[in-house]
Amino acid sequence: MKTLYQYAIVRFLPHAETGEFANVGIVLCAPDHTVFEFRLAPTRFARITDFFEDVQGKLYKTAIDTVQQELKRLHAYMATLQPKELVATMQELVRPRETLVRYSDLRTMYIDKKPAELADQLFEQLVHRTFLTEAYQEQLLVKAIRAQLKTEKLTHFKQQQLTGRFDEITLPLVAKTNDTFVIRPLAFQHKNAGKILDHAQTWLGRFTRLEQDNVLKKDHVLLPLQAPIQTDRKLAGAFAEVQREFDQLGLHTIAHNDHKAITAFARHALTADGFQLIH
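Bear in mind that the values here come from a model prediction, so they are computed numbers and not experimental data.

Here strand β8 (residues 180-183) shows no split at all, with Thr180 and Val182 on one side and Phe181 and Ile183 on the other all buried. The turn joining strand β7 (residues 168-176) and β8, which pair antiparallel and follow one another in sequence, is formed by 3 residues. Bridging between β8 and strand β10 (residues 221-226) involves 2 bridges; their strand directions are parallel. Paired with isoleucine 183 across the two strands is leucine 222, which belongs to β10.

Here is the structure:
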């Protein structure tokens, strides 16, 4: 028999100024059955410290310990509530607060699954698989590039928003010196060739529109690319096509670990002369 569920995603947000967060758990209730379930990532979760720059494991552990204690208390308390009271308690739990751990808006599902089974499924989909996406891989690439530039005292690349007629794009590495320069690492760890092409087309479209809106010059963009790990001919072919399309547009592409080219581009952003990528 189908059951009505409400759930929200638990998010760790250590840097409020950037708005970057990672999914670290879920909370779920079945109001008609006065059931409350929650799942949280472990207190030792290396993916978090890998994902965020300058976040110590102790900060994350303390935040998760605090939330876990609160949710354990709510688990016992909600079993005593009437359906309307349970819904009101869930709404209060996910209310926006200025804390390290926050909740998404409540979402609704009507499905024939047991609460514990659905909680496990949502946790797997929304927490574990988050770290298998290109967004996670790209965050790691950004972290590595920031560390490199910091070591070389090239600290003029920072997270900033570029605004065109239709686009408002927050990019992690933007320098506004004598002009606007962008380093945008892209990961292509997809298992499907079509998704590799789709990911590239998204960024081709964005950079094309920003150039047309006179927000950014295409030769002021450096794209460190992470190739597919799997040795699959279709994936390799799709990645080669991606490189060709970026090059045709006039964007500079390099391997994600080409430290020399990254340094040269970052230094060029401090000068007024033209940049040439030497392979």
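Further remarks concern the side chain of serine 104. Mapped onto the elements of the fold, serine 104 is located in the loop between β4 (101-103) and β5 (107-111). Here the side chain of serine 104 touches isoleucine 9 through a polar contact of 2.9 Å, landing on its backbone nitrogen. Once residues within four sequence positions are removed from consideration, serine 104 is found in contact with Ala8, Ile9, Arg11 and Val94.

Looking now at the packing of aromatic side chains. Applying the stated criterion to the full structure yields 6 aromatic pairs. On the basis of an interplanar angle of 75° and a centroid distance of 6.1 Å, the ring pair of phenylalanine 181 and phenylalanine 265 is categorised as edge-to-face. A residue pair is termed long-range when its members are at least 10 positions apart, and phenylalanine 181 in strand β8 and phenylalanine 265 in helix α8 (residues 259-268) qualify at 84 residues. Like phenylalanine 265, phenylalanine 181 is buried. Among the aromatic side chains, those forming a connected cluster through ring pairs are Phe157, Phe181 and Phe265. Just above the ring of tryptophan 203 sits the side chain of arginine 206; from NZ or CZ to the centre is 4.5 Å.

Inspection of the secondary structure puts lysine 217 in the loop between α6 (193-212) and β10. A relative accessible area of 45% means that lysine 217 is categorised as partly exposed. Linking lysine 217 and aspartate 179, residues 38 residues apart in sequence, is a C-alpha distance of 8.9 Å. A distance of 3.1 Å separates the side chain of lysine 217 from the side chain of aspartate 179, its partner in a polar contact.

The next subject is the pattern of salt bridges. In total, this model carries 12 salt bridges according to the counting rule given. A salt bridge links arginine 184 to glutamate 138; the nearest nitrogen and oxygen atoms lie 3.3 Å apart. One end of the pair, arginine 184, is in the loop between β8 and β9 (186-187); the other, glutamate 138, is in helix α5 (residues 134-151), with 46 residues separating them in the sequence. The pair formed by arginine 184 and glutamate 138 is uniform in burial state, with each residue classed as buried. The shortest N-O distance in the salt bridge between lysine 217 and aspartate 179 comes to 3.1 Å. Note that lysine 217 is positioned in the loop between α6 and β10 and aspartate 179 in the loop between β7 and β8, a separation of 38 residues in sequence. Salt bridges sharing common partners tie together Glu37, Arg39 and Asp120.

Quick look at the packing of α6 against helix α7 (residues 233-249) now. Interaxial distance between α6 and α7 falls to 8 Å at its minimum, and their mutual angle equals 10°. By the angle between their axes, α6 is roughly parallel relative to α7. Packed against α6, whose contacting residues are Ala193, Ile196, Leu197, Ala200, Gln201, Leu204 and Thr208, the element α7 presents Lys234, Leu235, Ala238, Phe239, Glu241, Val242, Glu245, Phe246 and Leu249 at the interface. Its residues assigned to classes, the contact of α6 with α7 shows 11 nonpolar, 2 polar and 3 charged.

One can describe the packing of α5 onto α8 by two numbers: an axis separation of 11 Å at closest approach and a directional angle of 65°. Pair α5 / α8 crosses with right-handed handedness. For the pair formed by α5 and α8, the contact residues are Ile145, Gln148 and Leu149 on the first element and His259, Ile262, Thr263 and Ala266 on the second. Per-class residue counts for the contact of α5 with α8 are 4 nonpolar, 3 polar and no charged.

Between its first and last C-alpha, α7 extends 24 Å over 17 residues, near the 24 Å set by a 1.5 Å rise per residue. Within the span of α7, buried status applies to Leu235, Ala238, Phe239, Val242, Glu245, Phe246 and Leu249. Within α7, the buried residues cover an arc of 120° as seen down the axis, which keeps them to one side. Residues of α7 that are exposed and point more than 90 degrees away from the buried face comprise Arg233 and Gln248.

Parameters and conventions
Residues numbered from 1 in each chain as written. Predicted model: local features only at pLDDT ≥ 70, side-chain atom pairs only at ≥ 80, totals over all residues. Heavy atoms only, no water. Buried < 20%, exposed > 50% of the residue type's maximum accessible area, 1.4 Å probe, protein only. Helix = DSSP H or I, 4+ residues; strand = E, 2+ residues; numbered from the N terminus. Pairing = 2+ DSSP bridges. Polar contact = N/O pair within 3.5 Å; in protein donor to acceptor, adjacent residues only side chain to side chain. Contact = heavy atoms within 4.5 Å. Phe/Tyr/Trp six-rings, centres within 6.5 Å; stacked < 30°, edge-to-face > 60°. Lys NZ or Arg CZ within 6 Å of the ring centre and 35° of its normal. Salt bridge = Lys/Arg side-chain N within 4 Å of Asp/Glu carboxyl O. Axes fitted to C-alpha atoms, helices over the stretch in contact; angles between N-to-C directions. Parallel < 35°, antiparallel > 145°, perpendicular 65-115°, else oblique. Nonpolar A, V, L, I, M, F, W, Y, C, P; charged D, E, K, R; others polar. Left-handed = near helix turned anticlockwise from the far one by under 90°. Expected span 1.5 Å × (residues − 1). Arc of directions from axis to C-beta.

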